[in-house]
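Given next are the chains, with one letter for each unit.
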Amino acid sequence: EKAKHLEDTAPGEQAQARLEALQQRLQELQASQKNRETRRRELQAQVKQLRDEKSQEETELRELATAADEQTVNFTSDERQEFEELREEARKLTAASSAQVRDLEAQIRAVAKDRARAEQDVRDISLKHQHLRQRVVELSDAAQKRDEHLQLEERLVGER
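Residues numbered from 1 in each chain as written. Predicted model: local features only at pLDDT ≥ 70, side-chain atom pairs only at ≥ 80, totals over all residues. Heavy atoms only, no water.

Enquirer: Explain the overall build of the chain residue by residue, including any values.
Expert: Along its length, the chain carries three helices and zero strands. Counting from the amino terminus, helix and strand elements in the chain follow one another as α-α-α. If one aligns the C-alpha atoms of the chain with their principal axes, the spans along those axes are about 120 × 30 × 15 Å. Expressed as a percentage of the 160 residues in the chain, the buried residues total 16%. For the chain, the share of sequence-separated contacts (at least 6 apart) that also reach a separation of at least 24 residues comes to 93%. With an accessible surface of roughly 12600 Å², the chain has 48% of that area assigned to carbon and sulfur atoms. (Helix = DSSP H or I, 4+ residues; strand = E, 2+ residues; numbered from the N terminus. Buried < 20%, exposed > 50% of the residue type's maximum accessible area, 1.4 Å probe, protein only. Contact = heavy atoms within 4.5 Å. Areas by Shrake-Rupley, 256 points an atom, 1.4 Å probe, with all protein chains shown as cover.)

Enquirer: Describe the environment of Ile125, with residues and values.
Expert: If you trace the backbone, Ile125 turns up in helix H3 (residues 77–159). Judged by relative accessible area, which is 7%, Ile125 ranks as buried. A sequence separation of ten residues divides Ile125 from Arg115, and the C-alpha atoms of the two residues are 15 Å apart. In this structure, Ile125 is in contact with Leu29, Ser32, Gln33 and Arg36, ignoring residues within four places of it in sequence.

Enquirer: Give a detailed account of the side chain of Glu57, specifying residues and quantitative values.
Expert: Mapping Glu57 onto the fold places it in helix H2 (residues 11–70). Beyond its immediate chain neighbours, meaning those up to four positions away, Glu57 contacts Ser97, Gln100 and Val101.

Enquirer: Go over the confidence of the model for the chain with me, naming the residues and quoting the values.
Expert: This prediction gives the chain a mean pLDDT of 86; 92% of its residues lie at or above 70. No element of the chain has a lower mean pLDDT than helix H1 (residues 2–8), at 50, and none a higher one than H3, at 90. (pLDDT = per-residue confidence, 0-100.)

Enquirer: Would you mind going over the nonpolar core in detail, with residue names and values included?
Expert: Counting eight residues, the largest nonpolar core is built from Leu19, Leu22, Leu26, Leu29, Ile125, Leu132, Val136 and Leu139. Of all the secondary-structure elements, those providing two or more residues to this core are H2 and H3. Beyond its immediate chain neighbours, meaning those up to four positions away, Leu19 contacts Val136, Leu139 and Ser140. Grouped together as the second largest cluster of nonpolar side chains are six residues, Leu43, Val47, Ile108 and Val111 included. (Core = buried A, V, L, I, M, F, W, Y, C linked by side-chain atoms within 4.5 Å.)

Enquirer: A description of the pattern of salt bridges should follow, citing residues and the corresponding values.
Expert: Inspection of the entire model under this criterion finds 15 salt bridges. Where Arg25 meets Glu28, a salt bridge forms, and the shortest distance between an N and an O atom there is 3.7 Å. Residue Arg25 and its partner Glu28 are both found in helix H2; the two are separated by three residues, about one turn of the helix. A relative accessible area of 40% means that Glu28 is categorised as partly exposed. A salt bridge links Arg117 to Asp114; its shortest N-O distance comes to 3.1 Å. (Salt bridge = Lys/Arg side-chain N within 4 Å of Asp/Glu carboxyl O.)

Written out as structure tokens, the structure is:
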């Protein structure tokens, strides 16, 4: 139905309608680009936070390992049992921390992948934006020429 309407309209009206549609699309692309840029900044902040957490966990693991290596004490049997229980608990905590580090690394990789995808989307949108701007200029020029042509025709008709 829209195509039939366009066929029934004058070329100038078609150009104007197309120009308006392209301008609206341009605005939509600009808004989308802004949203993607916001998301990219959020992802960058998240990557930084995850890297900081990873660094903290690694430092804590090194400190625990160093502290454990430096301690040599003679224990009674009760103390030895308590020590072994605490050592096992520390081993479990270390394993959990290592798992957290692996999880953080996986999150960092995922965020980096999302960032790369977002940057590619921003580049694509920028190219579309440039294309639409050029198209708007072309259609504006065509509309202006059409208006000039119509004015010329009106003058010629008026002179007859």
